[in-house]
Amino acid sequence: MPELPEVETTVRGLERVLLGRRLTEVTPRRADLRRAIPQDLGQRLTGARVVRLHRRAKYGLVDSDRGDTLVFHLGMSGRWRIDPGEIGAHDHLIIATDDGHRLALNDPRRFGSLDLVRTEGLAVWPAFMAIGPEPLGGAVTGKWLKERFAGRVAAVKLLLLDQRIVAGLGNIYVCEALFRARIDPRKAAGRVSRVRLDALAAAIPAVLEEAIAAGGSTLRDFAAPDGDLGYFSKTFDVYGREGKSCGCGGVVKRIVQGGRSTFFCPNCQR
Ligand code: ZN
């Protein structure tokens, strides 16, 4: 499943192809993904020029010079293909640019979404109003986490996955950040010390930025035929490493919290 670094890498890859370009074709090839695709999406974007690409949580945003923003979510299996050799059954949106590139949004499982939102209204778009600050950009500090976690008995890992507290954080990077901050993922959030929360607030952007850097290094070949954006291999300290040794001499353990796997080292995460 694409997490925030994959979405950020995708946006940066799309930026190379789309920024400043006029869209000569924007064609949805079905009426819905996870939810309905706006019926006028193709009509409103065809002929428009792309003026900015950015990201909010795990949504990619493509602003046009007509005041509309294409909002895409990759769901479980979505990816953008640059100049695909041929269009397949799972390519649900086709975009062509005035300099001859063609892009396809491919999503076999169709848990993704496509929306068209007025750019000036993005901040109050319902999906964005309900979520917390971005984990990159400095808004998530130890002090801020302390305030949000005060009195909470839920496990700190589960609260970090709550999009109302931090937007866009997923299972992998929550596990990795808790490991870096040496926090037991089972610990009641309200009982984590301020010192550990300061460490956590630093670890969250660090693990994300490292993954984004790894993804960025894969973008060089973006114009290759059938180039897929945003998926890359990464190495993790604890995620997916059940039974492997930790640098501290302990062994990485897997438990299930809220239906999701948690990987951690009981020896050094307290
Ligand atoms: Zn350890």
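Every value quoted in this text rests on a predicted model; they were computed, and no experiment measured them.

### Observations concerning empty space enclosed by the protein
Next, step 1: Under the criterion given, the structure shown has 1 cavity of 30 Å³ or more.
Next, step 2: Counted as a void, the largest cavity has a volume near 30 Å³.
Next, step 3: Every residue along the wall of the largest cavity is listed here: Leu23, Leu45, Val50, Val62, Ser64, Leu70 and Ile95.
Next, step 4: Classifying every residue of the lining of the largest cavity by side-chain character gives 6 nonpolar, 1 polar and no charged.

### Side note on the packing of helix α4 (residues 142-149) against helix α7 (residues 194-216)
Next, step 1: Axis separation between α4 and α7 bottoms out at 8 Å; the angle between their running directions is 120°. In this view, α4 runs oblique relative to α7, as classed from their interaxial angle. Crossing of α4 against α7: the hand is right-handed. Facing Gly142, Lys143, Leu145, Lys146 and Phe149 of α4, the residues of α7 in contact are Arg194, Leu197, Asp198, Leu200 and Ala201.
Next, step 2: Tallied by class, residues from the contact of α4 with α7 come to 5 nonpolar, 1 polar and 4 charged.

### Structural notes on the nonpolar core
Next, step 1: In this structure, Leu145, Phe149, Val156, Leu160, Leu200 and Leu208 are the most contacted members of the largest nonpolar core, which totals 31 residues.
Next, step 2: Looking at this core, the elements that each hand over two or more residues are α4, α5 (156-161), α6 (171-180) and α7.
Next, step 3: Here this core gets 9 residues from one element, more than from any other, and that element is α7.
Next, step 4: For Leu145, the residues in contact, after removing those within four places along its chain, are Val140, Leu160, Leu197, Leu200 and Ala201.

### Regarding the domain arrangement of the protein
Next, step 1: Along its sequence, the protein is carved into domain 1 (4-129) and domain 2 (142-236).
Next, step 2: On a C-alpha basis, the centroid separation for the pair domain 1 and domain 2 is 25 Å.

### What about α4?
Next, step 1: When α4 is considered as a whole, its buried residues turn out to be Gly142, Trp144, Leu145 and Phe149. Around the axis of α4, the buried residues are gathered within 160° of arc, so they sit on the same side.
Next, step 2: Where α4 is buried, its residues contact α5 and α7.
Next, step 3: Among the residues trailing α4, Gly151 stands out with phi positive, at a value near 75°.

### Observations concerning the packing of aromatic side chains
Each aromatic ring pair is specified by the distance between its two centres and by the angle formed by the two planes.
Next, step 1: All chains considered together, the criterion is met by 7 aromatic pairs.
Next, step 2: Both rings, one in Phe72 and one in Trp80, keep their centres 5.4 Å apart while their planes meet at 75°; by these two values the pair is edge-to-face. Taken as a pair, Phe72 and Trp80 share a single burial class, namely buried.
Next, step 3: Pairing Tyr239 with Phe263 gives two aromatic rings, centres 5.1 Å apart and planes at 70°, and the pair type is edge-to-face. With a gap of 24 residues between them, Tyr239 in the loop between β9 (227-228) and β10 (253-257) and Phe263 in strand β11 (residues 260-264) connect regions that are remote in the sequence.
Next, step 4: An aromatic cluster of at least three residues, connected via ring pairs, comprises Tyr173, Phe236, Tyr239 and Phe263.

Cut-offs applied
Residue indices begin from 1 for each chain and proceed along its sequence in written order. The predicted nature of this model means local features are confined to residues of pLDDT at least 70 and side-chain atom pairs, given and counted, to a pLDDT of 80 or more, with totals for whole chains, interfaces and linings taken over all residues. The basis for every side-chain value is the complete set of heavy atoms in the structure, and neither hydrogens nor water enter the calculation. Cavities and pockets are found on a 1 Å grid laid over the protein atoms alone: a cavity is a set of points where a 1.4 Å probe fits but cannot escape, a pocket is an open set with protein on both sides within 12 Å along at least five of seven lines, and a lining residue has an atom within 4 Å of such a point. Grid points are joined across faces, edges and corners, and a volume is the space filled by probe spheres set on the points. Amino acid classes used here: Ala, Val, Leu, Ile, Met, Phe, Trp, Tyr, Cys and Pro are nonpolar; Asp, Glu, Lys and Arg are charged; the rest, including Gly, are polar. Inter-axis angles, ranging from 0 to 180 degrees, are taken between N-to-C directions of lines fitted to C-alpha atoms, where helices are fitted over the stretch in contact. The way it works is that DSSP assigns letters per residue, a run of H or I at least four long becomes a helix, a run of E at least two long becomes a strand, and they are numbered from the N terminus. Just so you know how the angles are binned, under 35 degrees is roughly parallel, over 145 roughly antiparallel, 65 to 115 roughly perpendicular, and the rest oblique. Helix crossings fall into two classes, left-handed where the near helix is turned counterclockwise from the far one by less than a right angle and right-handed where it is turned clockwise. Residue contacts are defined here by distance: any two heavy atoms, one from each residue, within 4.5 Å place the two residues in contact. As used here, the term nonpolar core means buried Ala, Val, Leu, Ile, Met, Phe, Trp, Tyr and Cys residues forming a set that is joined through side-chain atoms within 4.5 Å. Only protein chains enter the calculation, and the probe is 1.4 Å; a residue is then buried if its accessible area is under 20% of its type maximum, exposed if over 50%, and partly exposed in between. Bear in mind that the domain bounds are from an automatic or database domain assignment. Working note: the arc is built from the helix axis to C-beta atom directions. Any pair of Phe, Tyr and Trp rings, taking the six-membered ring for Trp, is counted once the centres come within 6.5 Å. Such a pair is stacked with planes under 30 degrees apart, edge-to-face with planes over 60 apart, and tilted for the rest.

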